[in-house]
Structures are given as C-alpha cells and as structure tokens.
Amino acid sequence: MTITPESVRELLSSTNLGDRIRGVNHLRQLERAIAFELVQTAIKDSNPRIRYAAVSQLDSLGEQDLPTAYTILRDRLLNDPETDVQAAAADCLGALKLTDAFEDLRRIYQNTSEWLLQLSIIAALGVFGDPRCFDLLQEALNSSTDIVKTAAIGSLGELGDLRAIPLLVPYATDPDWQIRHRVAQALGHLGGEEARNTLETLATDEVELVAKEAQTYLQSKP
C-alpha cells in the first residue's frame, strides 16, 4: 500500500480506531510540512490514545511552524483531560524550546499531584536554558517523588547555572544509586572545582555505573 497524504487523511477521518491509529503512524512517512498539517486533525481526536500519539510527534513536526505548534501544545497542556497527553505536550514544549510556556508549566507543576506531568515539566525545563527555571528546579529537588527529584537533578545540570552545584553536592551521598548517578552526570555538565571534588569521590562509588560516569568526566577534563 502506497502511503499518500490522501490515504492518511482518509484513515484519520475513519470511525474505526485502528484506522486512525494507523493514520497517525503513517504520518511519519510523509513530508514534514504535510504531516504537520494532518497531525492537527489527530490532535483533536476524541480518543486519548490518538491524541497522545499525535501530540508526541510535535517534538519534530512542530519545527515547521513554531507559533502554531506553541498554540496547539499550550492548549493540550492546559485543557486536555488526560494526564499523559498533557505530559506529552510538556515534553514537546521542552524539545522545541518554547520558553514562552514557562509560566504555564510552573503553575501546573505547583498545582498538580500527577507525578507523570510533574516529571515531564521538570525534564522540559532543563533544555529551556532559561534562568527563570532555576527556582522551580530547586523546588523540585524537594519532591516526595524520587523520579521527579532525579529529573530535577538532571535538569539543573542541563540548565548550566553554577548556583546548582552546592544544591547537588549533598545528593552525592544519597542511598539511591540512581540519584548519585544523575548527580555525577549533572556535575559533569556544570564543571568547576567544587564539582570536580565531588566527582572524585563519586569515581570510587561502590556502584560501577556511578563510578564510571564520574571517571569519564574526570578523564575528559584533566
């Protein structure tokens, strides 16, 4: 079967769920400008599985028209009734570095109890490169959900704000090796003498993955 814009449009408008799922999947084989136009139909679908799959493609398709992508993603972030669709919207806002969404993301993070949505928001803030994100990432370090806390550590490393170093150093002795591993990654990104001192300690960590992560940075920055 040859996949064309017309065949995908027909699948996306089908009353059969399986057809619509295939239609969303076939978008990946179309020219991106056309796929971006057609994905907007799927984003309005009544089925959350379709909306999730469609929104998730905007991390790449959205580059065709960033203002329109921002409008669509903000709408799904604020208004979609399904948490996983909201989380996908947050992921894409981060991937596209649509920093105008910061205030919405901050407000939702502080008012939702859904860990998946919090996780996506914190991960998105790391790639924004926006200094406004620092305070919220610092707040997320105190999350009662370990996976959100771990994401905050990683995002502070990506953000590149050296104020994060003294915040991260205490987590180098956390009993959870996954947190120590993320600290090693973050400090490697941030650099500096204080970070190096902690990395030297982590380079002897009892967990091999943690030790290797720290050693890799130390070897690359003699």
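As annotated in an unreviewed UniProt entry, the protein chain is Phycocyanin alpha phycocyanobilin lyase related protein NblB from Microseira wollei NIES-4236.

K.L.:
What is the right way to look at helix α6 (residues 66-79) in this model?
P.N.:
Note on helix geometry: an α-helix contains 3.6 residues per turn, so any two residues three or four positions apart are oriented the same way. In this model, α6 (14 residues) spans 19 Å end to end at C-alpha, consistent with the 20 Å of a helix rising 1.5 Å per residue. Taken together, the buried positions of α6 are occupied by Ala69, Tyr70, Ile72, Leu73, Arg76 and Leu77. The secondary structure elements touched by the buried residues of α6 are α3 (32-43), α4 (48-56), α5 (58-61), α7 (83-95), α8 (102-111) and α9 (115-128).

K.L.:
Would you mind showing me how to read the state of the cysteines here?
P.N.:
Cysteine pairs can be covalently joined through their sulfur atoms, and such a bond is termed a disulfide. Evaluated as defined, the whole model comprises zero disulfides. Take cysteine 92: it sits in no disulfide, and the sulfur closest to it among the cysteines is that of cysteine 133, at 17 Å.

K.L.:
Honestly, the environment of isoleucine 121 in this entry has me stumped. Any pointers?
P.N.:
Within the secondary structure layout, isoleucine 121 lies in helix α9. In sequence terms isoleucine 121 and glycine 94 are 27 residues apart; their C-alpha atoms lie 8.0 Å from each other. If we skip the residues at most four places from it in the chain, isoleucine 121 touches Ala90, Leu105, Ile108 and Tyr109.

Criteria and thresholds
Residues numbered from 1 in each chain as written. Predicted model: local features only at pLDDT ≥ 70, side-chain atom pairs only at ≥ 80, totals over all residues. Heavy atoms only, no water. Helix = DSSP H or I, 4+ residues; strand = E, 2+ residues; numbered from the N terminus. Expected span 1.5 Å × (residues − 1). Buried < 20%, exposed > 50% of the residue type's maximum accessible area, 1.4 Å probe, protein only. Contact = heavy atoms within 4.5 Å. Disulfide = S-S within 2.5 Å.

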